[in-house]
Amino acid sequence: ENPDQKEKMEKLWKLMETYEPNDPESIQKSFARHLEYSLACTRFNFTMQDAYRAAGLVLRDRLLESLNDTNAYYRKMDVKRGYYLSAEYLIGRHMQNAIANLDLEQPFKEAFHALGMQLEDLFHEEVDPALGNGGLGRLAACFLDSMATLSLPCWGYGIRYSYGMFKQDIQNGRQVEMPDFWIGDGCPFEIPRPDITYPVRLYGEVQEGLNAQGEWCLNWVGGDIVQAMAYDNPIPGFDTYNTNNLRLWRACPTKEFDLDQYSAANFTDAVEARRKAEDLSAVLYPNDASYEGRELRLRQQYFFVSASLQDLLREFIKRPNYKWSELPEKVAVQMNDTHPTIAVAEFMRLLVDVMHVPWDEAWELTTKCLNYTNHTVMPEALEKWPVEMMTRMLPRHVQIIGELNLRWINGLVAKYGDGPIIAALSIFEEGDVKKIRMGNLAIMGSNKVNGVAALHTEIIKKETFPDFYKYCCDTGAPDKIVNMTNGVTPRRWVHCANPALSAIFTKYLGSHEWLTDMTKLKGMLKFKEDPKLHAEWMEMKKTAKKKLAGFLKETLDLEIDQDALIDIQIKRIHEYKRQFMNCLYVIHRYQQLKKMSPAEREKVQKRVVLIGGKAASAYVNAKLIIKLINNVGKVINNDPDTGKLLKLAFVPNYRVSAAEVLIPASDISEHISTAGTEASGTSNMKFVMNGGLIVGTMDGANIEIREECGEDTMFIFGCLEHEVAGIAAKAKEGHYPIDSRLQAVFQAIRNGEFSKGEPEAHAEFCSLVDKLCNTHGAGTWDGDRYLVVHDFPSFVDAQAKVDATYADKAKWCKLSIQAASSMAKFSTDRTISEYADVIWGVKPAPRPMEM
Ligand code: C3B
């Protein structure tokens, strides 16, 4: 109001409006400023870690400018927003990606080179933020990259765990879990927002009462209240001025609560309460594709869902003259697996109890705004919470779910009469322990439900949720279940992870447009037989293998022959993923080599087999498989007859940054799950984009990759999905022959060849083998649940074909180029465009350079 004051404010605004300049000299100045003034380093005393932090802050300044302006632009344009709710984000290191996406590669390189520093060395200082388990979490991170790159007004919401995925150490061949306090030294890329907090209630009770308008209502009172505090992680897009946000919530004690405790002079109780509140976001549960019904886990889920929904509704009601009926035009929410599906009840609670929207309207809004992605058909991963537990923790939500179910069941009975379909579709599962099925709640409360690959979506319809699909068809909505085949971002997985390959593409295609439009890579196909490209391609692989060799030397003290075929299987250890079968094959290969004369051996293709991945801490068999791989590797690698020709190593502590080194170096990779078990797989896509070929089953996205790249680019084996049931049924009756080569492998294991001097390991290895052989007996067949025995012979054949094909270098190179250049479909840019179009109805909103 005061004109003098206004003038001064305007001066400040002008100052804030200017962008940080991006020439190398300005970057250097900004770096020096952060080193000295943000980190308190002196000229004489700073480490590479300090340098990394200061460089991170230089980037953060620029990210913040872009994030703030992007948000202002979205508000100004009043766009519809997408919100991705995920308990996991396996984001990986920020720095290299941020530099690439902000288009600062050249000036950064120059700036730091002139100061005597290599960017690579700075990158290595960053710890991987590992706030996810595996594919699901990494997919969420690739999605964020594509949302920003496509200039879509979409944010991610999740949990800022203090301890991410555990660090895996291998001691005496066994997995040992070590805590990953990744946030210990602080992350220079995140922005704490003490000003953005929401209260989240847990426990307590529901009371009848009157609301502010004097109407009868139900009030959820008492219990514990924790505060969710926002930490923002800017996500810059590539080739756009948009930067989106990943908002992660950290649990903090409520201020009022603390004060009460202090005034009661109960200091230690107050401290205890603080610790208890903070426990909520302390640790990521290390379970992948399996479910543990732990109370803390449900608390975490509710905590982040409630804070996120409160935050997005606040954004909605900030709009002048908002109307609730407009909510579906402004908000689309994606629930990543069942983990955030308490959102269905919380959305209802916020609308009905807090915002006073009438029930029917609230339900209509909920089912128009929410969507659910299913990521697995493993029954052990579909969350079901005991009613008793949920009633204690979220009493109002159980009421809401009860009411929703009552209306739902009444409708169903009117349609179908009482019958088994009613029990199947109910949200409640009867039994000794009555449970709430989160999958059913999610489907009921969603506008769209999607699977993550074509085959997987079909299985959802026919096997996982057949009754829901029937209901959708019967009510004229068969399109409620749609397919959204997964993808990966080419920025991180080609451009950053494999700069040599990125340079080849850009050179041959004349521009880097392929990085935002991967269909451009088709232009490479006309060069697939060009000897000049072949030479450059092989050089690219050599560079990647050299880097891998350095990594293996450093982490395992393992020397590899860089001319060997590099064969990699890296993913979570799971019986359905069949690392065990891979290991059994390596033993078979070893036995073959042992039988040969030295002259015969000379002719065999040299191979290095690398297997890596973490096992859930309570998953006994997965941990045994790790031990077996390590023990087999020890025997093979130290055998003078074979050591040069075959190596097997377990790569410890598999994580995003390790994947970035491993994937570009592969010749083949193993995606060998039993048909129908791997929902999609995403590392298969990363490998092929980097010119690796797949040994795989007709499962998940393998099927679609093969369709795009050509049958000749993939070494397919194993039974088909529709054959599995028949094979299992026959096996139950005892018709389950074991191939003689596999018997020889079993024999070696039983003879203790891989457990010399380790009686405990010997018994454990035998138990693994016995389980596979235990395929009949009165209806107890569960031994070889994943058909290792059945698929083994064709797996051996596929591997022989790999060797034969690899012998013809020109042919191999051609196939590698052909495959890598045909991967457009598997860019998350394509996936996210489909989500935006078909599910969210969210449109790109690219902000102009200057605002
Ligand atoms: C995974 C599936 O196992 C993969 O097949 C799939 O590619 C990814 O999700 C992404 O869709 N998955 C996971 O990592 N964690 C789960 N809890 C369930 C599935």
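Quick notes on the rules
Residues numbered from 1 in each chain as written. Predicted model: local features only at pLDDT ≥ 70, side-chain atom pairs only at ≥ 80, totals over all residues. Buried ≥ 20, exposed ≤ 12 C-beta atoms within 10 Å, placed from the backbone. Helix = DSSP H or I, 4+ residues; strand = E, 2+ residues; numbered from the N terminus. Pairing = 2+ DSSP bridges. Axes fitted to C-alpha atoms, helices over the stretch in contact; angles between N-to-C directions. Contact = placed C-beta atoms within 7 Å. Core = buried A, V, L, I, M, F, W, Y, C linked by C-beta atoms within 7 Å.

(A) Examining the pairing of strand E8 (residues 224-236) more closely. Among the 13 residues in E8, 10 count as buried, and that is most of the element. Alignment of strand E5 (residues 191-202) against E8, held across nine bridges, turns out to be antiparallel. Along E8, the bridge assignment pairs Tyr198 with Ala228. In this structure, the hairpin formed by E8 and strand E9 (residues 243-253) is closed by a connection of six residues, where Asp239 is found at a positive phi of approximately 65 degrees.

(B) Spatial organisation of the sheet that holds strand E20 (residues 668-671). Read across the open sheet, the six strands follow the order E19-E18-E17-E20-E21-E22; overall the sheet is parallel. Only two strands of the sheet have a single partner each, and these edge strands are strand E19 (646-651) and strand E22 (714-716). With strand direction ignored, the average angle separating the axes of adjacent strands in the sheet is 20 degrees. One ladder, built from three bridges, connects strand E21 (residues 693-696) with E22; its direction is parallel. Bridge pairing links Gly696 to Ile716 in E22. Those strands touched by helix H23 (residues 579-595) are strand E17 (565-570), strand E18 (607-612), E19 and E20, and its axis lies near 155 degrees from that of E19.

(C) Layout of the pairing of E9. Among the 11 residues in E9, 10 count as buried, and that is most of the element. Relative to E9, strand E2 (residues 154-159) runs parallel, the two sharing four bridges. Across the sheet, residue Gly156 finds its bridge partner in E9, namely Leu246. As paired elements, E8 and E9 share 11 bridges and run antiparallel to each other. Across the sheet, Met229 pairs through a bridge with Arg250, a residue of E9.

(D) Seen up close, the nonpolar core. The biggest cluster of nonpolar side chains holds 224 residues, and the ones touching the most others in it are Phe303, Ala343 and Val688. Tallying contributions element by element places helix H7 (residues 135-149) first for this core, with nine residues. Excluding residues that lie within four positions of it along the chain, Val688 makes contacts with Ile694, Ile705, Cys709, Ala819, Ala820 and Met823.

What is shown is where atoms sit, not what they do.
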